[in-house]
Amino acid sequence: MRAVVALTLLAGTLAACGDDGDSGGRPTINWYNFPEDSGALQKAADRCSQASGGRYRIVYNKLPRAADGQRQQMVRRLAAEDDSLDILGLDVTWAAEFAEAGWIREWTGEMKRQAMEGTLRVPIQTATWKGKLYAVPYNTNTQLLWYRKDLVPDPPKTWAEMLDKARELARQRKPHYVEIQGAQYEGLTVWFNTLINSAGGSILNASATEPSLGAPAVRAASIMRELAKSPAADPSLPNQMEDANRLAMEAGVAAFQLNYPFVYPSMKANNPQLFKNFAWAPYPRVDEDRPARPTIGGIDLAVSAYSRHPDLAFEAALCLRNRENQLTAALEGGLPPTLRALYDEPAFQKEYPFHREVLAALQSASVRPRTPAYQNVSIAVSHTLSPPSEIDPESSVDTIRDQIDKALRSEGVIP
């Protein structure tokens, strides 16, 4: 009862803080998204407000930096039916949960057609639940293999080849670590998801009703354990996230890094000397004859079920992710676009010399399990596989299967 009262009070307080229009009578479209520091998102909001011809103005509201904090704020406000939220910037794992809860509107008709036109196929999957489109992909992201070409003239094509090269470098007393995300958090789940999909499997079955796993999962867990037990493992692996990997590579102790493109401008700025030998290649394969399927990230834009201006919110969301705004977000904010045509744009290609590899990765990429219970699924994976050196492939996969099965049979939203 106290929780219901608290949510009711919260709704009232937040609604009181909302603004349904400016002094000129234009409706306000409140856009809630991650805090972006380059100014690209604010530029998009300003452009689209101006392009509306006075029919609405978009206010860019910054959510907390941490994904958990972003989700928590939106979940609480949507549970309170807060009508001051219009456009929601969702992590690519949230669409199923928000759609199942009835918090976001389906994209249909002409709006759906425009949302899908020219958009890369795999990002569309992250915005789809039970065959219906519930969001429009705004930006995406994927990992590449980054390596030092002064240590490794030819990049490895498979995990086995990469670990062999790392062992050889270790014997030569040269930098040899393979930097990857091994801490007990979402990044560990992403690593496992990439490997299992690259091995021809998946965490859940196609209908997301039960675990799939099987032999590909055991293969994935085995590779993770092999790295953790080898000289290729950074001693800090059990605590490492993306930024720690970046710093280790910049410090010169690593030969390889599996990470997102943000590491490229960072290396250029922080270690110009090492940058001269900083190269990139496709994500390593599990099997030589099967392309890797790196897991994509990104943000999808959804329209709140409680928005007071849903028609305008759909229109505004399409504007926010149009060609001009996605190009600005890519060039100024480092956010890879979801519109296929932008990968042929000369300005984009100049800033992203690895654009071909990014596009190829996105076209063969995998998505994380699409289920309203994703938070529980991710926790089951990351907790079981941490630390990677303690993985027992068969036993760990059995544990993951049991925990996911329980998560899929549970009800309610994760707090």
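Definitions and limits used
All residue numbers refer to positions counted from 1 along the written sequence of the respective chain. A pLDDT threshold of at least 70 governs which residues receive local features in this predicted model, and a stricter bar of 80 or more applies before side-chain atom pairs are shown or counted, although totals over entire chains, interfaces and linings include all residues. Note: side-chain values were computed over all heavy atoms of the structure, leaving out hydrogens and water. We count a stretch as a helix when DSSP gives it H or I for four or more residues in a row; a strand needs E for two or more, and each element gets its number in order from the N terminus. In this description the radius of gyration comes from C-alpha coordinates, and the expected globular size is given by 2.2 Å times residues to the power 0.38. Here's how the labels work: a residue is buried when its accessible area is under 20% of the maximum for its type, exposed when over 50%, partly exposed in between, all with a 1.4 Å probe on protein chains only. Should any heavy atoms of two residues lie within 4.5 Å, those residues are counted as being in contact. Neither His nor the chain ends contribute to the count of charged residues, in which Lys and Arg are positive and Asp and Glu negative. Just so you know, the charge point we use is NZ for Lys, CZ for Arg, CG for Asp and CD for Glu. The definition used for a disulfide is geometric: two cysteine sulfur atoms within 2.5 Å. A pair of strands is treated as paired once DSSP finds two or more bridges between them. For the handedness criterion, the strands are oriented away from the viewer, and a crossover whose path from the first strand over the helix to the second runs clockwise is classed as right-handed. Here an angle of 0 to 180 degrees is reported between the N-to-C directions of two axes, which are lines fitted to C-alpha atoms, with helices fitted over the stretch in contact. An angle below 35 degrees is treated as roughly parallel, one above 145 as roughly antiparallel, one from 65 to 115 as roughly perpendicular, and anything else as oblique. Here is the rule for handedness: rotate from the far helix to the near one, and if that takes an anticlockwise turn smaller than a right angle the crossing is left-handed, while a clockwise turn gives right-handed. The classification used treats Ala, Val, Leu, Ile, Met, Phe, Trp, Tyr, Cys and Pro as nonpolar, Asp, Glu, Lys and Arg as charged, and all other residues, Gly among them, as polar. Throughout, the edges of the domains are those of an automatic or database domain assignment. As a working definition, buried area equals the accessible area (1.4 Å probe) given up by two parts on being put together, with both sides summed. By definition, a salt bridge exists where a carboxyl oxygen of Asp or Glu is found within 4 Å of a side-chain nitrogen of Lys or Arg. Whenever two N or O atoms come within 3.5 Å, that pair is a polar contact, provided that in protein one can donate a hydrogen and the other can accept it, and provided that, for residues adjacent in sequence, both atoms are side-chain atoms. Pairing of aromatic side chains here covers Phe, Tyr and the six-membered ring of Trp, requires ring centres within 6.5 Å, and sorts the geometry by plane angle: under 30 degrees stacked, over 60 edge-to-face, intermediate tilted.

### Let's talk about the overall build of the protein chain
Helix and strand content of the protein chain: 18 helices and 11 strands. Taken over C-alpha atoms, the radius of gyration comes to 22 Å for the protein chain, in line with the 22 Å a tight globule of 415 residues would show. Principal-axis analysis of the C-alpha atoms gives the protein chain an extent of 70 × 50 × 35 Å. Looking at the protein chain residue by residue over its 415 residues, the buried ones come to 56%. Residue pairs in contact within the protein chain that sit at least 24 positions apart in sequence constitute 74% of those at least 6 positions apart. With 45 positive and 49 negative side-chain charges, the protein chain shows a separation of 3 Å between the mean positions of the two kinds.

### A look at the state of the cysteines
Per the counting criterion, the structure on display carries 1 disulfide. The side chain of C48 participates in a disulfide bridge whose partner is C319; the two sulfur atoms lie 2.1 Å from each other. Between C48 and C319, the S-S torsion sits near -95°, and that sign places the bridge as left-handed. Separated by 271 residues along the polypeptide, C48 in helix α2 (residues 40-51) and C319 in helix α13 (residues 310-320) bring together distant segments of the chain. For C48, a relative accessible area of 0% puts it in the buried group.

### Thoughts on the pairing of strand β2 (residues 57-62)
On a regular strand, one side chain projects to one face of the sheet and the next to the other, so that they alternate. Here strand β1 (residues 28-33) pairs with β2 via 6 bridges, running parallel. The partner of N33 across the bridge, within β2, is K62. For the segment spanning β1, α2 and β2, crossover handedness is right-handed.

### Considering the sheet that holds strand β8 (residues 177-179)
Pairing in this open sheet of 4 strands is mixed, and the strands run β8-β9-β7-β10 from one edge to the other. Only two strands of the sheet have a single partner each, and these edge strands are β8 and β10 (278-281). Going across the sheet, the axis of each strand differs from the next one's by a mean of 20°, ignoring polarity. As judged from the 4 bridges shared by strand β7 (residues 144-148) and strand β9 (residues 254-259), these two strands associate in the antiparallel manner. Bridging from a neighbouring strand, Y147 pairs with F256 of β9.

### Remarks on the packing of helix α5 (residues 109-116) against α13
Where α5 meets α13, the axes come as close as 11 Å, and the angle between the chain directions of the two elements is 10°. Classified by the angle between their axes, α5 and α13 sit roughly parallel to one another. The crossing of α5 and α13 is left-handed. Residues M111, Q114 and A115 of α5 pack against F314, E315 and L318 of α13. Among the residues forming the contact of α5 with α13, the class breakdown is 4 nonpolar, 1 polar and 1 charged.

### Here's the deal with the domain arrangement of the protein chain
Assigned domains of the protein chain: these are domain 1 (2-140 + 297-363) and domain 2 (144-295 + 373-408). On a C-alpha basis, the centres of domain 1 and domain 2 stand 29 Å from each other. Taken together, the contact between domain 1 and domain 2 spans 10 residues of the former and 11 residues of the latter. It is T93, F354 and E357 that lose the most area in domain 1 upon contact with domain 2, and together they represent 47% of the buried surface on that side. Our count for the contact surface shared by domain 1 and domain 2 stands at 0 salt bridges. Seen at the junction of domain 1 and domain 2, the total is 1 residue pair in polar contact (both at pLDDT 80 or more).

### Some details on the packing of aromatic side chains
What the rule picks out here adds up to 18 aromatic pairs. Ring geometry for W94 against F98: centres 6.2 Å apart, planes inclined by 10°, an arrangement best described as stacked. Neither residue differs from the other here; W94 and F98 are each classed as buried. For the ring pair Y264 and W280, a centre distance of 5.7 Å and an interplane angle of 85° mean the geometry is edge-to-face.

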